[in-house]
Amino acid sequence: MWKEEDNKLKRSFTFADFKGAFAFMTEVAETVDQMDHHPFWTNSYNKVSIELNTHDAGDKVTEKDRKLAAAIDVIFEQSK
């Protein structure tokens, strides 16, 4: 579940292994390019952590972030 704090939407995703985490990131990369809205994210082995906010809006959470978060949730559900 996404959590809003520090003017960011944040969520971490856990996978069985690095390969699963990397495949998820690859799918998300396609979506963020299409939406032209790129997250801050990190990956450590089987965990991907994502933070979303809109730089053009003063680094605040906007509807653009909420739409991307929803799209990322769909990708995560499909990756299970």
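Presented here is an overview of the structure given in this document. Quantities reported herein were computed from a predicted structural model and do not represent experimental measurements.

### Quick notes on the packing of aromatic side chains
So, point 1. Applying the stated criterion to the full structure yields seven aromatic pairs.
So, point 2. Ring geometry for Phe15 against Phe76: centres 5.5 Å apart, planes inclined by 80 degrees, an arrangement best described as edge-to-face. You can see Phe15 sitting in the loop between strand 2 (8-14) and helix 1 (18-35) and its partner Phe76 sitting in helix 2 (residues 63-79), a full 61 residues away along the chain. An identical accessibility class is assigned to Phe15 and Phe76; each is buried.
So, point 3. Grouping aromatic residues by their ring pairs yields a cluster made of Trp2, Phe13, Phe15, Phe24 and Phe76.

### Looking at the packing of helix 1 against helix 2
So, point 1. Axis separation between helix 1 and helix 2 bottoms out at 10 Å; the angle between their running directions is 150 degrees. Looking at the two axes, helix 1 sits roughly antiparallel to helix 2. Seen along the crossing, helix 1 lies across helix 2 with a hand that is right-handed. Of the residues in helix 2, those in contact with Phe24, Glu27, Val28, Thr31, Val32 and Met35 of helix 1 are Lys64, Lys67, Leu68, Ala71, Ile72, Ile75 and Phe76.
So, point 2. The residue inventory of the contact of helix 1 with helix 2, partitioned by class, reads nine nonpolar, one polar and three charged.

### A look at helix 1
So, point 1. End to end, helix 1 covers 26 Å across 18 residues, agreeing with the expected 26 Å (1.5 Å per residue, within 8%).
So, point 2. Along helix 1, the positions that sit buried rather than exposed are Ala21, Phe24, Met25, Val28, Thr31 and Val32. All buried residues of helix 1 project into a common sector of 125 degrees when viewed along the axis, lining one side. Residues of helix 1 that are exposed and point over 90 degrees away from its buried face: Lys19, Glu30, Asp33 and Gln34.
So, point 3. Buried-residue contacts for helix 1 involve strand 2, strand 3 (40-44), strand 4 (47-52) and helix 2.
So, point 4. Just past helix 1, the residue Asp36 takes up positive phi, approximately 50 degrees.

### Some thoughts on the environment of Asp73
So, point 1. Within the secondary structure, Asp73 sits in helix 2.
So, point 2. You can call Asp73 partly exposed: its relative accessible area is 23%.
So, point 3. It is 15 Å that separates the C-alpha atoms of Asp73 and Glu63, two residues lying 10 residues apart in sequence.
So, point 4. Apart from residues lying up to four places away in sequence, Asp73 is in contact with Trp2, Arg11 and Phe13.

Rules and cut-offs
Residues numbered from 1 in each chain as written. Predicted model: local features only at pLDDT ≥ 70, side-chain atom pairs only at ≥ 80, totals over all residues. Heavy atoms only, no water. Phe/Tyr/Trp six-rings, centres within 6.5 Å; stacked < 30°, edge-to-face > 60°. Helix = DSSP H or I, 4+ residues; strand = E, 2+ residues; numbered from the N terminus. Buried < 20%, exposed > 50% of the residue type's maximum accessible area, 1.4 Å probe, protein only. Axes fitted to C-alpha atoms, helices over the stretch in contact; angles between N-to-C directions. Parallel < 35°, antiparallel > 145°, perpendicular 65-115°, else oblique. Left-handed = near helix turned anticlockwise from the far one by under 90°. Contact = heavy atoms within 4.5 Å. Nonpolar A, V, L, I, M, F, W, Y, C, P; charged D, E, K, R; others polar. Expected span 1.5 Å × (residues − 1). Arc of directions from axis to C-beta.

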